[in-house]
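Coordinates in review
Each chain is listed here by its residues.
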Amino acid sequence: MRLEREATVQYKYVCSVVPGLLQTEAYAEEILAKGRPRDDAELAEQVTARMSRQDILEGDDAPHFRALLDEAVFRRAATDPKVWRDQLEALLEVGQRSGVTIQVVPFSAGLHDLLGGSLTVLWLANGKCVAYLEGSKSGELIEEPEKVEALRLSYDLLRDKTFSPESSADFIRRLIEEIPRCDPSDPTRPDPGRLA
């Protein structure tokens with residue numbers, strides 16, 4: 001997190017969930033609750049910490065930020081359709097900021113060597129570049145130039161297979177249109193778990 005704040009450029013690939021820097025509070029709460037915090041206070045603390053990180057994408061000194069989001073991210077919806085709609089709309093909104101690029105990696109991109117986890121590449125003001133590989137329960141900071149360069153190449157090769165930023169936004173808009181608009185008090189409302 002310290003290096004994330006120092007970075008002038010941040011590239012990210014995520015294979016399964018919306019990355020923390022782009023999450024809405026309600027989406028973050030659902031994700032973090034799955035980690036079985038001890039109590040509501042611990043969950044609230046985790047959500048607050050995650051939300052507080054997002055200010056790095058704002059202001060004149062915000063880093064250039066590019067996120068490649070695997071199509072699987074969009075096929076595993078939040079349980080509540082409203083939470084999911086709000087999350088997708090937030091992605092569209094943040095994607096319009098100067099210096100932020102969001103692209104979808106479609107399933108048609110096929111197999112690639114970043115599958116199974118997430119990658120963050122950070123360029124620091126001193127010219128150094130580091131990478132962070134993360135799984136669901138662990139992470140590894142990589143600083144060796146040769147290994148970082150190999151991960152950067154993997155990222156670049158994957159980016160060549162993504163939808164353009166404009167096509168990615170269209171993809172997200174189509175998903176939003178598919179989410180049913182239901183009154184939560186309506187007894188005939190579909191079961192949200194079946195929409196996920």
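Structure's up top.
Residues numbered from 1 in each chain as written. Predicted model: local features only at pLDDT ≥ 70, side-chain atom pairs only at ≥ 80, totals over all residues. Heavy atoms only, no water.

1. Brief notes about the overall build of the protein chain
Within the protein chain, the secondary structure is distributed over seven helices and six strands. Reading the protein chain from its N end, one meets helices and strands in the order α-β-α-α-β-α-α-β-β-β-β-α-α. Computed over the C-alpha atoms, the radius of gyration of the protein chain is 17 Å, within 12% of the 16 Å expected from 2.2 N^0.38 for a compact globule of 196 residues. Based on the C-alpha atoms only, the size of the protein chain along its principal axes is roughly 60 × 40 × 35 Å. Per-residue burial for the protein chain yields a buried fraction of 43% across its 196 residues. For the protein chain, long-range pairs separated by at least 24 residues make up 73% of all intrachain contacts whose partners lie at least 6 apart in sequence. Summed over its atoms, the accessible surface of the protein chain is roughly 11200 Å², and 49% of this surface lies on carbon and sulfur atoms. (Helix = DSSP H or I, 4+ residues; strand = E, 2+ residues; numbered from the N terminus. Rg over C-alpha atoms; globule rule 2.2 N^0.38 Å. Buried < 20%, exposed > 50% of the residue type's maximum accessible area, 1.4 Å probe, protein only. Contact = heavy atoms within 4.5 Å. Areas by Shrake-Rupley, 256 points an atom, 1.4 Å probe, with all protein chains shown as cover.)

2. Looking at the nonpolar core
Most often, soluble globular proteins have nonpolar side chains that are buried together. If you look at the biggest cluster of nonpolar residues, it comprises 29 residues, and the most contacted ones within it are L22, L69, F74, L88, L91 and I172. Elements supplying a minimum of two residues to this core: strand 2 (64-70), helix 4 (71-75), helix 5 (81-95), strand 3 (100-105) and helix 7 (165-178). With six residues, helix 5 is the largest single contributor of residues to this core. Excluding residues that lie within four positions of it along the chain, L22 makes contacts with Q54, L57, F65, A67, Q87, L91, V94 and I102. One finds L114, A131, V148 and L158 within the second-largest nonpolar core, a separate group that totals 17 residues. (Core = buried A, V, L, I, M, F, W, Y, C linked by side-chain atoms within 4.5 Å.)

3. Quick notes on the environment of V100
Its place among the elements puts V100 in strand 3. With a relative accessible area of 7%, V100 lands in the buried category. Once the C-alpha coordinates of V100 and F65 are considered, the two residues, 35 residues apart in sequence, prove to be 4.8 Å apart. Beyond its immediate stretch of four places on either side in the chain, V100 contacts F65, V94 and G95.

4. Section: the side chain of R53
By secondary structure assignment, the location of R53 is in the loop between helix 3 (40-52) and strand 2. Setting aside anything within four residues of it in sequence, one finds R53 in contact with M1, E4, R5 and L21.

5. Brief notes about the packing of helix 5 against helix 7
To describe two helices that pack against each other, one gives the angle between their axes and the distance between the axes. Between helix 5 and helix 7, the least distance of the axes is 10 Å, while the angle of their chain directions is 160 degrees. Comparing their axes, helix 7 and helix 5 come out roughly antiparallel. Crossing geometry of helix 5 relative to helix 7 is assigned as left-handed. Contacts between helix 5 and helix 7 involve R85, L88, E89, L91 and L92 from the first element and A169, I172, R173, L175 and I176 from the second. (Axes fitted to C-alpha atoms, helices over the stretch in contact; angles between N-to-C directions. Parallel < 35°, antiparallel > 145°, perpendicular 65-115°, else oblique. Left-handed = near helix turned anticlockwise from the far one by under 90°.)

6. Describing the pattern of salt bridges
The final tally for this structure, using the stated rule, is 11 salt bridges. For E71, the salt bridge identified is with R75, shortest N-O distance 2.9 Å. Taken together, the positions of E71 and R75, both in helix 4 and four residues apart, correspond to about one turn of that helix. As a salt-bridge pair, E149 and R152 come within 3.5 Å of each other at their nearest N and O atoms. Of the two residues, E149 and R152 are both situated in helix 6 (residues 145-159); the distance of three residues between them amounts to about one turn of the helix. Among the residues examined, E149 registers a relative accessible area of 43% and is labelled partly exposed. (Salt bridge = Lys/Arg side-chain N within 4 Å of Asp/Glu carboxyl O.)

7. Regarding the packing of aromatic side chains
Evaluated as defined, the whole model comprises five aromatic pairs. Lying over the aromatic face of Y11, R66 brings its terminal NZ or CZ to 5.7 Å of the ring centre. (Phe/Tyr/Trp six-rings, centres within 6.5 Å; stacked < 30°, edge-to-face > 60°. Lys NZ or Arg CZ within 6 Å of the ring centre and 35° of its normal.)

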